Amino acid sequence: MTASWNRQSPSTMPSHRYTDIFSRVGVPLTDRRWPDARITEAPLWVPVDLRDGNQALAEPMDPERKRRFFELMVRMGYKEIEVGYPSASQTDFDFVRLIAESAIAPDDVTIVVFTAARRDLIERTVAAIDGITNPVVIHVYTATAPAWRETVLGHDRAALTELILSGGRDILELAGHLPNVRFQFSPEVFNLTEPDYALEVCDAMTELWDARPDRPVILNLPATVEAATPNVYADQIEYMHRNLARRDGVILSVHPHNDRGTGIACAELAVLAGAQRVEGCIFGNGERTGNVDIATLALNLHAQGVDPMIDFSDIDEIRRTVEYCNRIEVHPRHPYVGDLVHTAFSGTYQDAIRKGFAEHRRRAAALGMPESDIDWRVPYLPIDPADIGRSYDAVIRVNSQSGKGGIAYLLETDYGIELPRRAQIDLARHVQRRSEASGAEVSADQIWDVFRDAYLSDPAPRVTLERLDIDGSRVAVALRSGGSAVTRTFADAGPVEAIVATLAEAGIDIDVTELHQTSVRAGSSSDALTMIEYRSNGATGWAAGMDRSVFAASAAAVLAAANRAAVREEVDA
């Protein structure tokens, strides 16, 4: 019964045409153990970009792109790589032969080749791997779900089991004698297959292939078309994990797709449920909505303090290679790798990130440790962008939704300028007017332009400082206001105090309520920047001065305040 506060109305969509997962597949699992499990080590990652990902491309990879992608995977540390479907494509066959006849595959990398359970295709596959000295996995698949076996293959359960076993016997006959070759079986669309039948056919294959710890068989259980919430897939995987025969001779693998947008969750819960190996694509390319993204999965582990066992320390180079090979751009919001995933435009986010970075620097200094070695706890950033080769340049960017924190962060990181909080608030108003007028993002250089226009510029000064002499505690000031000159000497005063007193004698009352000094950029060539908050005739404002000399910068800030106060008086009059 819908709650009274939920005012949504029924849609016109024909949802009645679809059957829920529990009506299609039963899962005889009542004492689930996976909800209490934790992931403490990385599974074996198996990228399938060169086969499953490749066959989903509008323009499949040519040999040069295939090789470039393969070499990237090797550099990243993948130790088992599915390289192609050699019986389905001459390009794939030739690429497997390249591996056989060259040294592009290091000795510790396992080569996986894919085939359907048909003798002529298996023969072609075995011919492709001839001469490869690396470990090799021959991966055979057959769809086992009811709609596939009945509508597509025209078999009942018994006939399909015999077809699968026939393919298994062919592989055993043609490659069983090869000491470097192991076998893998995928009951395709496992997630929509009756659990008892999936268990039956998998046990039959591991018995046929004599699965044992010293020559394990890979059983790969795909969510070929994602059809349920991730907890259902976890139940299915745990059922197999706990009931498979020869379990110590089985490597339990999963291959989730992303049709419901929950492929990542399916894979993570499957590992909790007993999966030891995960197939997917780097950044998730694949049929329909894609294969599971094994880059995101790996970096999710990294973010939980678990070594992913794969090197993502130059993620932008990885992205460039993947985009080149797939001819598909990675979305700017794609987890970890997208251009905007470490970027905050919102003022609230920016303020928290800026404060988090400041705390991080202070803590590193207090511990006497490099910033890259201490615990990471900057708000809104799950990992340190530097871990994956990203700079901090794009962490905070400013638009009309941004606030003082982001603006202050950009000025500090690009110009070294640290502003007091109330000055940040005042500057944010000026920047927001600029960004709202243009409707565009505002860069650090543009923020600096706004700052100079708002606080440093004096297009038509009413008051000028003609002389400021400082000799110990003696200060001499000469001003010109309008056509009148005012000169005063103070025996015991600071320069700011002396200038304010001289302005008062010239009829311009300025009360400096805050003075903040910083520098513009670092090093011996940096300029001093003084920013003051002042009150004049009941109104407050900010002004700034910049010079190589701290005294001159402070004097310029007070004169800028006086000129702004004079202009305001003229406008009010």
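All figures in this text were calculated on a predicted structure; none of them were measured in a lab.

Cut-offs used in this document
- Residues numbered from 1 in each chain as written.
- Predicted model: local features only at pLDDT ≥ 70, side-chain atom pairs only at ≥ 80, totals over all residues.
- Heavy atoms only, no water.
- Helix = DSSP H or I, 4+ residues; strand = E, 2+ residues; numbered from the N terminus.
- Buried < 20%, exposed > 50% of the residue type's maximum accessible area, 1.4 Å probe, protein only.
- Areas by Shrake-Rupley, 256 points an atom, 1.4 Å probe, with all protein chains shown as cover.
- Lys, Arg positive; Asp, Glu negative; His and termini not counted.
- Charge placed at Lys NZ, Arg CZ, Asp CG, Glu CD.
- Arc of directions from axis to C-beta.
- Core = buried A, V, L, I, M, F, W, Y, C linked by side-chain atoms within 4.5 Å.
- Contact = heavy atoms within 4.5 Å.
- Pairing = 2+ DSSP bridges.
- Axes fitted to C-alpha atoms, helices over the stretch in contact; angles between N-to-C directions.
- Phe/Tyr/Trp six-rings, centres within 6.5 Å; stacked < 30°, edge-to-face > 60°.

Draft legend 1. Just the overall build of the protein chain, in detail. A count of helices and strands for the protein chain gives 18 helices and 14 strands. Expressed as lengths along the three principal axes of its C-alpha atoms, the size of the protein chain is roughly 110 × 65 × 45 Å. Going through the 573 residues of the protein chain one by one, you find that 50% of them count as buried. Accessible area of the protein chain: about 26,400 Å², with a carbon and sulfur share of 49%. Computed over 58 positive and 83 negative side-chain charges, the separation of the two mean positions in the protein chain equals 3 Å.

Draft legend 2. Main features of helix 5 (residues 119-129). Taken residue by residue, helix 5 has L121, I122, T125, V126, A128 and I129 as its buried positions. Looking straight down helix 5, one finds its buried side chains confined to an arc of 155°; they lie on one side.

Draft legend 3. Quick look at the nonpolar core. With 94 residues, the main nonpolar core has W45, F70, Y78, V83, I237, I282 and F312 as its most contacted residues. In this structure W45 touches Y78, E80, V278, I294, L297, A298, L301, P308 and I310, once residues within four positions along its chain are discounted. L381, A428, V442 and L456 belong to the second largest nonpolar core, which has 30 residues in total.

Draft legend 4. Summary view of the sheet that holds strand 9 (residues 463-471). Strand order in the open sheet made by the three strands is 9-10-11, with antiparallel pairing throughout. Strands at the two margins of the open sheet, each flanked by one partner only, are strand 9 and strand 11 (484-490). Adjacent strand axes in the sheet meet at a mean angle of 10° when their direction is disregarded. In this structure, strand 9 lies alongside strand 10 (residues 474-481), joined through eight bridges in antiparallel fashion. Pairing of V463 across the sheet is with S481, part of strand 10.

Draft legend 5. Summary view of the packing of aromatic side chains. For the structure shown, the criterion picks out ten aromatic pairs. Between F183 and W209 the ring centres are 5.0 Å apart and the planes differ by 45°, which places this aromatic pair in the tilted class. Here W209 lies in the loop between helix 8 (195-208) and strand 6 (217-223) and F183 lies in strand 5 (residues 181-188), a separation of 26 residues in the sequence. Each of the two residues, F183 as well as W209, counts as buried.

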